[in-house]
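Per-entry structural report
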2 protein chains.
Amino acid sequence: MEISHAVEDYLKIIYELQGAGGKVNTTALAERLNVAPASVTGMIKKLAEDRPRLVNYERHHGVTLTTAGEKIALEVIRHHRLIELYLHEALGYSWDQVDAEAEKLEHVISEEFEDRIAAALGQPKIDPHGDPIPTKEGVIAAPTGERLTDLAAGQRGRVARVSDDDPALLRYLAELGIKPETAIAVVDRSPFDGPMHVRVGNRSPQALGRQVTDHVFVEVR
Amino acid sequence: MEISHAVEDYLKIIYELQGAGGKVNTTALAERLNVAPASVTGMIKKLAEDRPRLVNYERHHGVTLTTAGEKIALEVIRHHRLIELYLHEALGYSWDQVDAEAEKLEHVISEEFEDRIAAALGQPKIDPHGDPIPTKEGVIAAPTGERLTDLAAGQRGRVARVSDDDPALLRYLAELGIKPETAIAVVDRSPFDGPMHVRVGNRSPQALGRQVTDHVFVEVR
DNA sequence: GCCGAGATTTAGGTTAACCTAAATAATTTC
DNA sequence: GAAATTATTTAGGTTAACCTAAATCTCGGC
């Protein structure tokens, strides 16, 4: 049974939403997939009935991946992240362009292609946004760093990763110099969820809103 | 109206079968597309009715591309050939592997990707099999060379291109050293469609069957 | 323990791209 | 030029993935 692009997308998104290990609900999935909730129910039912079963599903109580489903999700994520890195490193794509292109390529490349770009990149472990790349065997490192939002004034460290959803945000972060590996320090935080003042590298401090700090993860030292 | 992968394939194959300028018949198209003849009729009818019209069609009398259809076909072919060359040059794919991968990638890459690989390759004019790469504007050079089959004993020249359909044939040709740019000379030909003896580069002469010589094109000097 | 908001599922379509089998048109052969 | 062969089309289905609108659940708050 050949796995369709649509199914690969479902599995990938379920994996991402599962995160720690919770159940994923229909609406969240529908939103991320840009699809009506009813369509999600339909697809999920099929994935839970067909063999091999790719998801566990109980009506009204959310979905999780089976081992088989997770294996496929991790293959797709490996493709996605390798492609992102390759586009960035080998073809000079900017940070905010890679996601859209990878979204399409991830479903069509062969094992051969995967192996060759992985080799060309030196078997890399993280993608351009700092996310870990699963191995061919389906092993993935735990994502590192804690939300910038959660740091206290005075804490410092290095940017571990930034979330890769929103190209506009990525462009803004690039402008600020916030990318994996750059040094970052919290100068102070305004109370009541006000802006945070942050020093990036050796630039002068910047005020960042919650929208931004929620999507930056820091390895505190 | 977004053009589907299926439609892109139809247009590409119609272009290839049209060749000089003849009409393309349903059966040939069906064979090349691995689809039932009835399916071809259905698709062709839609392409001829929808606007913009992509093909000219008259029941029982074959199909040709409209200008709009040809433009799309040439975009797809440009993608295909650029990708083939990129896989070969940048990622070390062997000659016979590139076609299958390009077949899938050609439908999903962005303009950005097209531009970047074309730039990385130095705006190339021919693909690894010697076929001309259409320009971004949809201009394509006439394919060069004449069939090795049609050469007389004593004629010599350089391989211009080889047809790219059959991986097994491509592997065999690679073994023989027959690829674009290599020198080639007809030593003699047996009568009654018998094998042809050919000298490739400075190797000792080889006997080649019709199956092979039909798919090699030579620029006679 | 009920009520209602919000989440989820069911019911009933739609569309694109394919299929097989039967009917018809075109072409080749005698 | 009629018959036989081959090519093409029509008719009637199938499947995957989606949709909207109308039920039906679930759960937090009272």
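Quick look at the structure, then.

Each value, and the rule that gives it
Residues numbered from 1 in each chain as written. Chains lettered and ligands numbered in written order. Predicted model: local features only at pLDDT ≥ 70, side-chain atom pairs only at ≥ 80, totals over all residues. Heavy atoms only, no water. Helix = DSSP H or I, 4+ residues; strand = E, 2+ residues; numbered from the N terminus. Rg over C-alpha atoms; globule rule 2.2 N^0.38 Å. Contact = heavy atoms within 4.5 Å. Areas by Shrake-Rupley, 256 points an atom, 1.4 Å probe, with all protein chains shown as cover. Lys, Arg positive; Asp, Glu negative; His and termini not counted. Charge placed at Lys NZ, Arg CZ, Asp CG, Glu CD. Near = heavy atom within 4 Å. Polar contact = N/O pair within 3.5 Å; in protein donor to acceptor, adjacent residues only side chain to side chain. Buried < 20%, exposed > 50% of the residue type's maximum accessible area, 1.4 Å probe, protein only. Salt bridge = Lys/Arg side-chain N within 4 Å of Asp/Glu carboxyl O. Expected span 1.5 Å × (residues − 1). Arc of directions from axis to C-beta. Buried area = accessible area lost by both parts, 1.4 Å probe. Nonpolar A, V, L, I, M, F, W, Y, C, P; charged D, E, K, R; others polar.

Bringing the overall build of chain A into the picture now. Along its length, chain A carries eight helices and eight strands. For a compact globule of 221 residues, the expected C-alpha radius of gyration is about 17 Å, and chain A comes in at 19 Å, within 12% of that figure. On the principal axes, the C-alpha backbone points of chain A span a range of 55 × 45 × 25 Å. For chain A, restricting intrachain contacts to residue pairs at least 6 apart in sequence, the fraction spanning at least 24 positions comes to 62%. Of the roughly 11,400 Å² of accessible surface on chain A, 50% is carried by carbon and sulfur atoms. Put simply, chain A has 26 plus and 35 minus side-chain charges, and the middle of one group is 4 Å from the middle of the other.

This next bit is on the protein's contact with DNA strand C. Near DNA strand C there are 22 residues, and of these Thr27, Lys45 and Tyr57 of chain A together with Ser4 and Ser39 of chain B occur at the shortest range. Each atom of DNA strand C within 4 Å of the protein belongs either to a base or to sugar and phosphate, the latter forming 83%. In the environment of DNA strand C, a phosphate oxygen lies 2.7 Å from a nitrogen or oxygen atom belonging to the side chain of lysine 45 of chain A. One of the backbone N or O atoms of alanine 36 of chain B is found 2.8 Å from a phosphate oxygen in DNA strand C. Going through the elements one at a time, α2 (26–33) and α3 (37–49) of chain A together with α1 (5–18) and α3 (37–49) of chain B are the ones with two or more residues in the surface near DNA strand C.

Further remarks concern the side chain of glutamate 8 of chain A. Residues and elements named next belong to chain A. Among the secondary structure elements, glutamate 8 is positioned in helix α1 (residues 5–18). Nearest to the buried, unbridged glutamate 8 among oppositely charged side chains is lysine 12, at 8.5 Å. What glutamate 8 contacts, discounting residues up to four positions off in sequence, is Ile3, Val76 and His107.

Think of an α-helix as 3.6 residues a turn; residues three or four steps apart then line up on the same face. Residue and element names in this part refer to chain A. Over its 13 residues, α3 extends 19 Å from the first C-alpha to the last, a length consistent with the 18 Å expected when each residue adds 1.5 Å. Those residues of α3 that sit buried are Val40, Met43, Ile44, Leu47 and Ala48. When α3 is viewed along its axis, its buried side chains cluster within an angular range of 135° and face the same direction. Of the residues in α3, the exposed ones pointing more than 90 degrees away from the buried face are Ala38 and Glu49. Buried residues along α3 sit in contact with α1, α2, β1 (55–57) and β2 (63–65).

Once that is clear, we can look at the interface of chain B and chain A. Opposite the 16 residues of chain B that make contact, chain A presents 16 residues. When the buried area of chain B at its contact with chain A is split by residue, Leu91, Val108 and Arg116 of chain B rank highest and sum to 35% of it. Our count for the contact surface shared by chain B and chain A stands at zero salt bridges. Inspection of the region where chain B meets chain A yields 13 residue pairs in polar contact (both at pLDDT 80 or more). Of all the elements in the fold, those that place two or more residues in the side of chain B that touches chain A are α4 (67–91), α5 (98–105) and α6 (111–120) of chain B. Ranked by the residues each element gives to the side of chain B that touches chain A, the list is headed by α6 of chain B, at four residues. Among the residues making up the side of chain B that touches chain A, the classes are represented as nine nonpolar, three polar and four charged.

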